[in-house]
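Residue strings, one per chain:
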Amino acid sequence: MTFALHSHQAFVAENVLLDGRLALFHQTQCWLAVADLHYGYELSQRAAGRLVPMWGMAQIEQRLDELIRDYAPRHLVILGDLVHDRSAGEEARKLLARLAQRCEPIVIAGNHDRQLVGSIEFVDSWRADGFYFHHGHCIAEAPGAIQVIGHHHPASIISDGAGLRLKSPAFVQEPTCWIMPAFSPWAGGTTWKPATSSRIWLCTPERVFPLPQVETASL
């Protein structure tokens, strides 16, 4: 599949495309990866008596629909934390059924998904050629493969001399591990402290771009 790149897309490795809508797509292996949907967060909050607005689930499904339309993946890899808690179990099952009409969802178990094990088909991990997908809340060994994980909700802040500060989700590349931004619109993100080996990409729906890499301090 050949792409004319838009400002919200960037190649981060051979055949691997980062989309500012918080997804990763492999052109030849045809998998689309997203992480940390926390689907039904508003249901969880309402169950606890907090009347948050009911828009998160609709936005999540709309973005997934757009990504599947644009990339036509064979596999949709959800890297854990499909739901925020059991409050959204039934709605999550319906979402997966709708997605399954268009591609094969592969749902990796995250720490927020424990209460739904048995009612939704989860896997602990998934492999593709050169890649090992898991949630990231437990240490894993994957010799010869790049680990692709979620769980950490990375974000980064850019600022200018006038005092403007913008915090956005980030995609983080370490030499053997890639950390996905959280797909949930409710996730504020954790500011990522980069290492010299890190490459951090700031993600917005309109643009994706790499931040300057940390330089090794000279002695």
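Residues numbered from 1 in each chain as written. Predicted model: local features only at pLDDT ≥ 70, side-chain atom pairs only at ≥ 80, totals over all residues. Heavy atoms only, no water.

Let's talk about the sheet that holds strand 1 (residues 9-13)
No. 1: Taken together, the 6 strands give an open sheet; going across it, the order is 1-2-3-4-5-6, and neighbouring strands pair in mixed fashion. Each edge of the open sheet is held by one strand with a lone partner, namely strand 1 and strand 6 (104-107). Adjacent strand axes in the sheet meet at a mean angle of 25 degrees, parallel and antiparallel pairs treated alike.
No. 2: When strand 5 (residues 75-78) meets strand 6, the two strands line up parallel, connected through 4 bridges. Residue I78 lies in a different strand from strand 6, and its bridge partner there is V107.
No. 3: Those strands touched by helix 2 (residues 56-71) are strand 1, strand 2 (16-19), strand 3 (23-26), strand 4 (31-34) and strand 5, and its axis lies near 160 degrees from that of strand 4.
No. 4: Across the sheet, helix 3 (residues 89-100) touches strand 5 and strand 6, and the angle it forms with strand 6 is around 140 degrees. (Pairing = 2+ DSSP bridges. Helix = DSSP H or I, 4+ residues; strand = E, 2+ residues; numbered from the N terminus. Axes fitted to C-alpha atoms, helices over the stretch in contact; angles between N-to-C directions. Contact = heavy atoms within 4.5 Å.)

With respect to the pairing of strand 14 (residues 199-203)
No. 1: In terms of burial, strand 14 is largely enclosed, as 4 of its 5 residues are buried.
No. 2: Bridge count for strand 11 (residues 165-173) against strand 14 is 4 bridges, and the pairing is antiparallel. Note that in strand 14 the partner of Q173 across the bridge is R199.
No. 3: Bridge count between strand 14 and strand 15 (residues 208-210): 3 bridges; the pairing is antiparallel. (Buried < 20%, exposed > 50% of the residue type's maximum accessible area, 1.4 Å probe, protein only.)

Side note on the side chain of D36
No. 1: Of note, D36 is situated in the loop between strand 4 and helix 1 (41-47).
No. 2: An unpaired buried charge is present at D36: no salt bridge exists, and R63, the closest side chain of opposite charge, is 11 Å distant.
No. 3: Of note is the side chain of D36, whose polar atom sits 2.8 Å from the backbone nitrogen of H151.
No. 4: Excluding residues within four positions of it along the chain, D36 makes contact with G80, D81, H135, G150, H151, H153, A182, F183 and S184. (Lys, Arg positive; Asp, Glu negative; His and termini not counted. Salt bridge = Lys/Arg side-chain N within 4 Å of Asp/Glu carboxyl O. Polar contact = N/O pair within 3.5 Å; in protein donor to acceptor, adjacent residues only side chain to side chain.)

Brief notes about the packing of aromatic side chains
No. 1: Tallied over the full model, the rule gives 9 aromatic pairs.
No. 2: A centroid spacing of 5.4 Å and a plane angle of 75 degrees characterise the contact between W31 and F131, whose relative ring orientation is edge-to-face. With W31 in strand 4 and F131 in strand 8 (residues 131-133), this residue pair connects regions lying 100 residues apart in the sequence.
No. 3: Relative accessible area serves as the criterion here: at 8%, F131 is assigned to the buried category.
No. 4: Pairing W126 with F133 gives two aromatic rings, centres 5.5 Å apart and planes at 40 degrees, and the pair type is tilted. (Phe/Tyr/Trp six-rings, centres within 6.5 Å; stacked < 30°, edge-to-face > 60°.)

With respect to helix 3
No. 1: The terminal C-alpha atoms of helix 3 lie 16 Å apart, and with 12 residues this matches the ideal 16 Å at 1.5 Å per residue to within 8%.
No. 2: At its buried positions, helix 3 is contacted by helix 2, strand 5 and strand 6. (Expected span 1.5 Å × (residues − 1).)

With respect to the nonpolar core
No. 1: Of all hydrophobic cores here, the largest spans 53 residues; its most connected members are L24, L37, L82 and F133.
No. 2: No other element matches helix 2, which puts 6 residues into this core.
No. 3: Non-local contacts of L24, meaning those with residues more than four positions away in its chain, are made with V12, V16, L17, L18, W31, L32, A33, V148, F171, W178 and M180.
No. 4: If you look at the next biggest cluster of nonpolar residues, it comprises 9 residues, including A170, C177, L202 and F209. (Core = buried A, V, L, I, M, F, W, Y, C linked by side-chain atoms within 4.5 Å.)

A word on the environment of A35
No. 1: Structurally, A35 can be placed in the loop between strand 4 and helix 1.
No. 2: For the pair A35 and G130, spaced 95 residues apart in sequence, the C-alpha separation works out to 19 Å.
No. 3: In contact with A35, not counting residues within four places along its chain, are L79, G80, G150, M180, P181, A182 and F183.

Some details on unusual backbone geometry
No. 1: Unusually for a residue other than glycine, L22 sits at a positive phi of about 80 degrees.
No. 2: Assignment of secondary structure puts L22 in the loop between strand 2 and strand 3.
No. 3: Positive phi is not limited to glycine here, since H151 has a value of about 75 degrees.
No. 4: Taking relative accessible area as the criterion, H151 reaches 27% and is therefore assigned partly exposed.

As for the state of the cysteines
No. 1: Applying the stated rule across the entire model yields 0 disulfides.
No. 2: Not part of a disulfide, C138 finds its nearest cysteine sulfur in C177, a span of 13 Å.
No. 3: By relative accessible area, C138 is classed as partly exposed at 48%.
No. 4: We classify C177 as buried; its relative accessible area is 17%. (Disulfide = S-S within 2.5 Å.)

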